[in-house]
Amino acid sequence: MKQIFSRERGTLANSSDDAGLEPARGREVLEAHLATARDARPDRPWMMANMVASLDGSATSAGRSGGLGGEADRDVFHALRSLPDAILAGAATVRAERYRPPRPRPDGVAPRLVIVSASLNLPADLPCMAEGHGSRPPLVITTESSPLPEREALSDRAEIAVLEGERVDPRAALAALADRGVGVVLCEGGPRLLGQFVAADVVDEWYLTVAAVAVLGDAGRITAFDQEVVRRYRLRSVLHDGDDLMLAYERAESSAGMRTT
Ligand SMILES: NC(=O)c1ccc[n+]([C@@H]2O[C@H](COP(=O)([O-])OP(=O)(O)OC[C@H]3O[C@@H](n4cnc5c(N)ncnc54)[C@H](OP(=O)(O)O)[C@@H]3O)[C@@H](O)[C@H]2O)c1
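Residues numbered from 1 in each chain as written. Predicted model: local features only at pLDDT ≥ 70, side-chain atom pairs only at ≥ 80, totals over all residues. Heavy atoms only, no water.

Participant: Before we move on, could you go through the overall build of the chain and cite the residues and values that matter?
Facilitator: Scanning the chain from terminus to terminus reveals 7 helices and 13 strands. When burial is assessed residue by residue, the chain has 47% of its 261 residues classed as buried. Taken as a whole, the chain presents about 12500 Å² of accessible surface, with 50% of it coming from carbon and sulfur. (Helix = DSSP H or I, 4+ residues; strand = E, 2+ residues; numbered from the N terminus. Buried < 20%, exposed > 50% of the residue type's maximum accessible area, 1.4 Å probe, protein only. Areas by Shrake-Rupley, 256 points an atom, 1.4 Å probe, with all protein chains shown as cover.)

Now the structure itself:
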């Protein structure tokens, strides 16, 4: 993994000139990101997002994200998972990607898996439901409109947070996480879930791998939302590994919440 640009280090190498790149520093930059302290906001956890997209903007290949990224994307995926108290995913992603219980972080504590669902269609044979998850079952965030029989059936394999309204409101979901002691949450998509958090302007830090592959077809983008909403971010770093790019951005107003330790 090589560094091209890092805001902290103020370096920008000419990407067409490989001699200007320092391979060892890519890992260093990633580790510097991981070592950055992230302060929860007064009313919500610090929110990170991690996604992969193809060169032509697809969020999936053959219906899954795994077909896009290479080894470096998987490295970033696992490195980022070593940070949060909770990993947040939409139910469709949990079903499509067959989510497993998150592995313990280096401190031995596993981030909690948090799933947002309206239907509560989270069958018992999903790996994250079926496999042992230590003392903490997944947390499912839903609303009072969700079907009662499914809520009852799910209650023996998950904690269920029932929020007001028809759809889970992103800020209410974050407040529910803060109530449970979550200081940092990592959203892993999918596009429909992430779109709502981006629209609510609560994504503080956003990692994007651009995979050097064109997918064509009709796969969607990495966010989906029913209207145009413009949000701005600052570039923190650019790494590349082989042909893939790893980009790190932060929400423009969020910089004050990050401290280099
Ligand atoms: N490129 C990437 O980095 C990446 C990352 C993640 C996923 N993916 C891919 O994206 C696809 C899935 O993404 P997606 O956008 O279709 O779905 P998604 O965001 O993963 O999940 C959507 C589902 O989450 C629940 N949900 C979302 N918002 C809700 C709200 N406000 N209130 C209540 N429930 C809510 C609903 O679950 P119920 O249906 O249970 O009601 C909804 O159907 C998969 O193909 C996956 O492989 C790609």
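Moving on, there is more to tell.
Participant: Please provide a residue-by-residue account of the site of the ligand, values included.
Facilitator: For the ligand, the set of nearby residues contains 26 residues, the closest of which are Val52, Thr93, Glu97, Ser117 and Gln196. At 3.2 Å, a backbone N or O of Pro191 approaches an oxygen atom of the ligand. Arg192 is positioned such that a nitrogen or oxygen atom in its backbone is 2.7 Å from an oxygen atom of the ligand. Summarising the interface, the protein chains cover 90% of the accessible area of the ligand, which totals 930 Å² for the free molecule. Of all the secondary-structure elements, those providing two or more residues to the shell around the ligand are β4 (46–54), α3 (91–96) and α7 (191–199). Ranked by the residues each element gives to the shell around the ligand, the list is headed by α3, at 5 residues. Class assignment of the residues belonging to the shell around the ligand gives a composition of 11 nonpolar, 9 polar and 6 charged. (Near = heavy atom within 4 Å. Polar contact = N/O pair within 3.5 Å; in protein donor to acceptor, adjacent residues only side chain to side chain. Nonpolar A, V, L, I, M, F, W, Y, C, P; charged D, E, K, R; others polar.)

Participant: Before we move on, can you summarise the pairing of strand β7 (residues 139–143) with the specific residues and values?
Facilitator: For β7, the tally of buried residues reaches 5 of 5 residues, placing the bulk of the element in the interior. Taking every second residue as pointing to the same face, both faces of β7 are buried, with Leu139, Ile141 and Thr143 on one and Val140 and Thr142 on the other. Both β7 and strand β8 (residues 159–163) contribute to a ladder of 5 bridges, which runs parallel. Following the sheet pairing, Thr143 is matched in β8 by Leu163. Crossover connection from β7 via helix α5 (residues 148–154) to parallel β8: handedness right-handed. (Pairing = 2+ DSSP bridges. Right-handed = clockwise from strand over helix to strand, strands pointing away.)

Participant: Describe α7, naming the residues involved and giving the relevant values.
Facilitator: Among all positions of α7, only Leu193, Leu194, Gly195, Phe197, Val198 and Ala199 are buried. Taken from the residues just after α7, Asp201 is the one with a positive phi, measuring 60°.

Participant: Just give me the short version of unusual backbone geometry, but keep the residues and values in it.
Facilitator: With an omega of 0°, the peptide bond between Gly189 and Gly190 qualifies as cis. Backbone geometry places Asp201, a non-glycine residue, at a positive phi of 60°. At Leu216, a position not held by glycine, the phi torsion is positive, near 55°. A relative accessible area of 57% means that Leu216 is categorised as exposed.

Participant: Give a description of the confidence of the model for the chain that names residues and reports values.
Facilitator: Here the chain averages 88 in pLDDT, and 85% of its residues register 70 or above. Low pLDDT, under 50, characterises residues 12–21; the stretch is placed with 11 contacts to residues that sit more than four places away or in other chains. (pLDDT = per-residue confidence, 0-100. Contact = heavy atoms within 4.5 Å.)

Participant: Hey, could you go over the nonpolar core for me, with residue numbers and the actual values?
Facilitator: Judged by nonpolar contacts, the single largest core of 34 residues is most densely connected at Met47, Leu88, Ile141 and Phe197. Every residue in contact with Leu88, bar those within four places of it in the chain, is listed here: Met47, Val114, Val116, Val185, Leu186, Cys187, Glu188, Gly189, Leu193 and Phe197. If you look at the next biggest cluster of nonpolar residues, it comprises 15 residues, including Ala91, Val94, Leu126 and Ala158. (Core = buried A, V, L, I, M, F, W, Y, C linked by side-chain atoms within 4.5 Å.)

Participant: Report on the pattern of salt bridges, specifying residues and quantitative values.
Facilitator: This model, assessed by the stated rule, comprises 14 salt bridges. A salt bridge links Asp201 to Arg251, with the shortest nitrogen-to-oxygen separation between them at 3.1 Å. Linking Asp201 in the loop between α7 and β10 (205–211) with Arg251 in strand β12 (residues 244–251), this pair joins segments that are 50 residues apart in sequence. The network of salt bridges with shared partners includes Arg44, Asp201, Asp204 and Arg251. (Salt bridge = Lys/Arg side-chain N within 4 Å of Asp/Glu carboxyl O.)

Participant: Any chance you could break down the pairing of strand β5 (residues 86–90) for me, citing the residues and the numbers?
Facilitator: With 5 of its 5 residues buried, β5 lies for the most part within the structure. Burial along β5 is two-sided: the face carrying Ala86, Leu88 and Gly90 and the face carrying Ile87 and Ala89 are both buried. Here β5 runs beside strand β6 (residues 112–116); their pairing, made up of 5 bridges, is parallel. The residue bridging Leu88 from the neighbouring strand is Val114, located in β6. The β-α-β motif built from β5, the intervening α3 and the parallel element β6 has right-handed crossover chirality. Across 3 bridges, the pairing between β5 and strand β9 (residues 184–187) is parallel.

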